[in-house]
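# Reading the structure
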Amino acid sequence: MTDTATTTTTSLNKFEKFKAEKDGLAIKQDIEKFASLGWEAMDETDRDHRLKWVGVFFRPVTPGKFMMRMRVPNGILTSNQMRVLAEVVQRYGDDGSADITTRQNIQLRGIRIEDLPDIFNRFHAVGLTTIQSGMDNIRNITGDPVAGLDADELFDTRELVQQIQDMITNKGEGNPEFTNLPRKFNIAITGGRDNSVHAEINDLAFVPAFKEGTGDWGLGTGEEVSPSPKFGFNVLVGGFFSAKRCEAAIPLNAWVAPEDVVAVSRAIVEVFRDNGFRANRQKSRLMWLIDEWGLEKFRAEVEKCLGKSLLPAAPKDEIDWEKRDHIGVYKQKQPGLNYVGLHIPVGRLYAGDMFEISRLAGVYGSGEVRLTVEQNVIIPNIPDSRLAIFLTEPLLERFAINPGLLTRSLVSCTGAQFCNFALIETKNRALATIKALEAELTLTHPVRIHWTGCPNSCGQPQVADIGLMGTKTRKNGKTVEAVDIYMGGKVGKEAQLGTCVTKAVPCEDLQSVLRDLLIQNFGAKLSQEVLMTH
Ligand code: SRM
Ligand code: SF4
């Protein structure tokens, strides 16, 4: 390999250059100025890149209408926060909408630059932040969507996720220690048995594991004696998707106690920050550094940074369930309480929906709303006595608790409507295709279909039963929108990435291709109505 840390100083790419000129976080001080200047008059690097350090994304597809990416640690919002997000979106009329993302997060659309000072004030007042949510920063930190609710969980991830976010972002104010990483960085923690966060596709993931034996737990203050297996996490590193390369995370051969997760996260991010490759952005994610160094050296550098040795990994982790999707009504560990998962088609919300979700969470639940990496919503803490009436709420006709078996597991990235990397339109097409397939097929179990508009893989086609990645192809002498088809993605226990099985299927031919795939591989049958018309 040629792209080593040594080249860092000699050949700065344009991203490294503008980061060296002015830290992205400095943009925080300029918001008032930009608001009065207007987007057309702004310095282009500030507008197109540095604003992402405060979660504001210029959209070349809709110039002047920005996207704002929040941080929602562990996917948990209060109904008050959801209402504020709804108010922000509402002021933009037909331009305003929001998307729940594949990182258990939410993005707002239609935002005008002149409103940013007011929007940031509103966010601040209710404890919301967008800080460091884009570019070379650590993305939203994911945790179990039913943390603290699930009777079978091994660990409630909420507090740890919040602590890592607080460390990375200086409690949402911005932390210059971590605002110039070589590239983006993803962190996930799972405390349940079903790997609800897709641990394997994160740069750093913590999965539950018990450590046998007694002795010094490695990072404690000394000899800590534990007669029974101690709960902690095995550490996975280096998972990522990019247009050039996709890798599942690999074991670091380290086990950490919950109280050391924040310190270990800090050490790993610091090693990446100080040594990750910066010359070629195609080769700057963490796995490239691990490849160059080898796992042993990487682990040793993490220990050096930590100032302590890491204990070897526990021989097995506790991920032994199939992944749950949380759609529907479920009993909580708290007697008499339920959580209800609402299916949000491709994660798209409008202001009215958000007000309603906020209201339902306040009226029936405890004023809490949760988001999932499948782009859906969970409303927790609904008492048994309120459940029946909750289920008659009109919103549940659109955001169903028992959607069709293909609709149920549908995930889609943003696509061409707002994303200039997109090679195809995704969300609307995904919904139309699934509707057509559900009309002609009978299924016995859900099939997870993920759409992504380009090889960046934001829609994670590699974790799906059937993954569809946007591309272009030629048909009848014309260039048309098409997809590469991925299959074999396995989530939950023994997760593994799917691979490309068919290239460049024109989107207009996709329905029949998917129909055949579903019949041949997933036990789908043509419905009676279709059979009778043939
Ligand atoms: Fe992503 C860039 C949307 C999850 C890999 N991603 C983008 C940008 C910012 C490009 C842009 O400026 O237009 C997209 C914004 C479009 C828009 O207007 O919404 C974008 N990514 C998304 C979201 C919204 C997709 C969704 O519909 O849910 C997800 C936001 C997550 C969040 O809340 O932070 C999103 N992106 C992902 C994931 C999935 C994940 O994290 O589990 C991946 C693959 C995993 C990974 O990163 O390892 C992903 N996005 C990328 C990449 C490729 C990264 C690379 O190393 O090359 C890019 C391009 C880049 O960073 O240069 C990218
Ligand atoms: Fe945009 Fe491509 Fe990501 Fe979809 S996969 S949001 S098209 S960058």
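Fair warning: this is a prediction, and the values are worked out from it, not measured in the lab.

### Here's the deal with the coordination of the iron atom of ligand 1
The protein supplies the iron atom of ligand 1 with one donor atom, C458 (SG), which lies at 2.3 Å. Of note, C458 is situated in the loop between strand 19 (449-452) and strand 20 (466-475).

### Some thoughts on the sheet that holds strand 4 (residues 97-100)
If you trace the five strands from one edge of the open sheet to the other, you get 1-2-5-4-14, paired in antiparallel fashion. Two strands bound the open sheet, and with one partner strand each, they are strand 1 (56-57) and strand 14 (348-349). Running at roughly 25 degrees to strand 5 (residues 106-111), helix 4 (residues 79-90) makes contact with strand 4, strand 5 and strand 14 of the sheet.

### Overview of the nonpolar core
If you look at the biggest cluster of nonpolar residues, it comprises 53 residues, and the most contacted ones within it are L51, L85, I106, L108, F123, L349 and M354. Domain assignment of the residues forming this core places at least three in each of domain 1 (9-125) and domain 3 (328-401). In this structure L108 touches F66, M67, M68, M70, L85, V88, V89, S97, A98, F123 and M354, once residues within four positions along its chain are discounted. Counting residues in hydrophobic clusters, the runner-up holds 42 residues, among them F155, V161, I189 and M287.

### What about the domain arrangement of the protein?
Domain annotation for the protein reports domain 1 (9-125), domain 2 (158-306), domain 3 (328-401) and domain 4 (408-533). Distance between the C-alpha centres of domain 2 and domain 4: 32 Å. Each partner contributes to the interface: domain 2 provides 11 residues, whereas domain 4 provides 11 residues. Taken together, both faces of the contact between domain 2 and domain 4 bury some 860 Å²; the carbon and sulfur share is 68%. On inspection of domain 2 and its partner domain 4, the count reaches one residue pair in polar contact (both at pLDDT 80 or more). In terms of residue class, the side of domain 2 that touches domain 4 is built from five nonpolar, three polar and three charged.

### Side note on the site of ligand 2
Close to ligand 2 lie C413, T414, G415, C419, F421, A422, T452, G453, C454, N456, S457 and C458, which account for all nearby residues. Classifying every residue of the shell around ligand 2 gives six nonpolar, six polar and no charged.

### Focus: the pattern of salt bridges
Scanning the entire structure with this criterion turns up 53 salt bridges. One salt bridge in this structure joins K19 and E16, with 2.9 Å as the shortest N-O distance. Highlighted residues: K19 and E16, both in helix 1 (residues 14-21), separated by three residues, approximately one helical turn. Of the two residues, K19 and E16, both sit in the buried class. Measuring nitrogen to oxygen at the nearest pair gives 2.6 Å for the salt bridge that ties R370 to E368. We classify E368 as buried; its relative accessible area is 16%. Through salt bridges with shared partners, one network takes in E21, K22, D30, K33, D46 and R50.

### Some details on the sheet that holds strand 11 (residues 250-256)
Each strand in a sheet pairs with its neighbour through backbone hydrogen bonds, running either in the same direction (parallel) or in the opposite one (antiparallel). An order of 6-7-8-11 is seen for the four strands of this open sheet, with the pairing classed as mixed. At either margin of the open sheet sits one strand with a lone partner, and together these are strand 6 (187-189) and strand 11. Each strand of the sheet is rotated relative to its neighbour by a mean of 30 degrees, with strand direction disregarded. Looking at chain direction, strand 8 (residues 230-237) and strand 11 are connected through four bridges and run antiparallel. Within strand 11, the residue paired with L236 across the bridge is P251.

### Considering the side chain of R370
Within the fold, R370 resides in strand 15 (residues 368-371). Looking at R370, its side chain comes within polar contact range of the main-chain oxygen of A147, at 2.8 Å. If we skip the residues at most four places from it in the chain, R370 touches G75, I76, D144, P145, V146, A147, L149, R158, N376, V377, I378 and P380.

### Observations regarding the pairing of strand 4
Judged by which residues are buried, strand 4 turns out to be covered on both faces: S97 and D99 on one side and A98 and I100 on the other are all buried. Relative to strand 5, strand 4 runs antiparallel, the two being bridged by four bridges. Residue pairing across strands places S97 opposite R109, the latter belonging to strand 5. Where strand 4 hands over to strand 5, the hairpin turn is made up of five residues, of which Q104 adopts a positive phi near 60 degrees. The pairing of strand 4 with strand 14 spans two bridges and is antiparallel. Across the sheet, D99 pairs through a bridge with R348, a residue of strand 14.

### Section: the packing of helix 8 (residues 286-293) against helix 9 (residues 295-306)
The contact between helix 8 and helix 9 brings their axes to 6 Å, and the two run at 110 degrees. Taken as axis vectors, helix 8 and helix 9 run roughly perpendicular relative to one another. Mapping the contact onto sequence places L286, L289, I290 and W293 in helix 8 and L295, K297, F298 and E301 in helix 9. In terms of residue class, the contact of helix 8 with helix 9 is made up of six nonpolar, no polar and two charged.

### Some points on the site of ligand 1
Of all residues adjacent to ligand 1, which total 31 residues, the nearest are T101, R109, K184, T414 and C458. The separation between an oxygen atom of ligand 1 and a polar side-chain atom of K184 is 2.7 Å. Separating an oxygen atom of ligand 1 from a side-chain N or O atom of Q375 is a distance of 3.4 Å. At the level of elements, strand 2 (66-69), strand 5 and strand 9 (240-241) are the ones that each hand at least two residues to the shell around ligand 1. Considered class by class, the residues forming the shell around ligand 1 number nine nonpolar, 13 polar and nine charged.

### Here we look at the packing of helix 4 against helix 5 (residues 116-125)
The geometry of helix 4 relative to helix 5 is characterised by a closest axis approach of 10 Å and an angle of 170 degrees between their N-to-C directions. It follows from the interaxial angle that helix 4 and helix 5 lie roughly antiparallel. From helix 4, V84, L85, E87 and V88 reach across to helix 5, where they touch I119, R122 and F123. Tallied by class, the residues present in the contact of helix 4 with helix 5 amount to five nonpolar, no polar and two charged.

Procedures and definitions
Residues numbered from 1 in each chain as written. Chains lettered and ligands numbered in written order. Predicted model: local features only at pLDDT ≥ 70, side-chain atom pairs only at ≥ 80, totals over all residues. Heavy atoms only, no water. Donors = N, O, S within 2.8 Å, 3.2 Å for Na, K, Ca; no water. Helix = DSSP H or I, 4+ residues; strand = E, 2+ residues; numbered from the N terminus. Pairing = 2+ DSSP bridges. Contact = heavy atoms within 4.5 Å. Axes fitted to C-alpha atoms, helices over the stretch in contact; angles between N-to-C directions. Core = buried A, V, L, I, M, F, W, Y, C linked by side-chain atoms within 4.5 Å. Buried < 20%, exposed > 50% of the residue type's maximum accessible area, 1.4 Å probe, protein only. Domains from an automatic or database assignment. Buried area = accessible area lost by both parts, 1.4 Å probe. Polar contact = N/O pair within 3.5 Å; in protein donor to acceptor, adjacent residues only side chain to side chain. Nonpolar A, V, L, I, M, F, W, Y, C, P; charged D, E, K, R; others polar. Near = heavy atom within 4 Å. Salt bridge = Lys/Arg side-chain N within 4 Å of Asp/Glu carboxyl O. Parallel < 35°, antiparallel > 145°, perpendicular 65-115°, else oblique.

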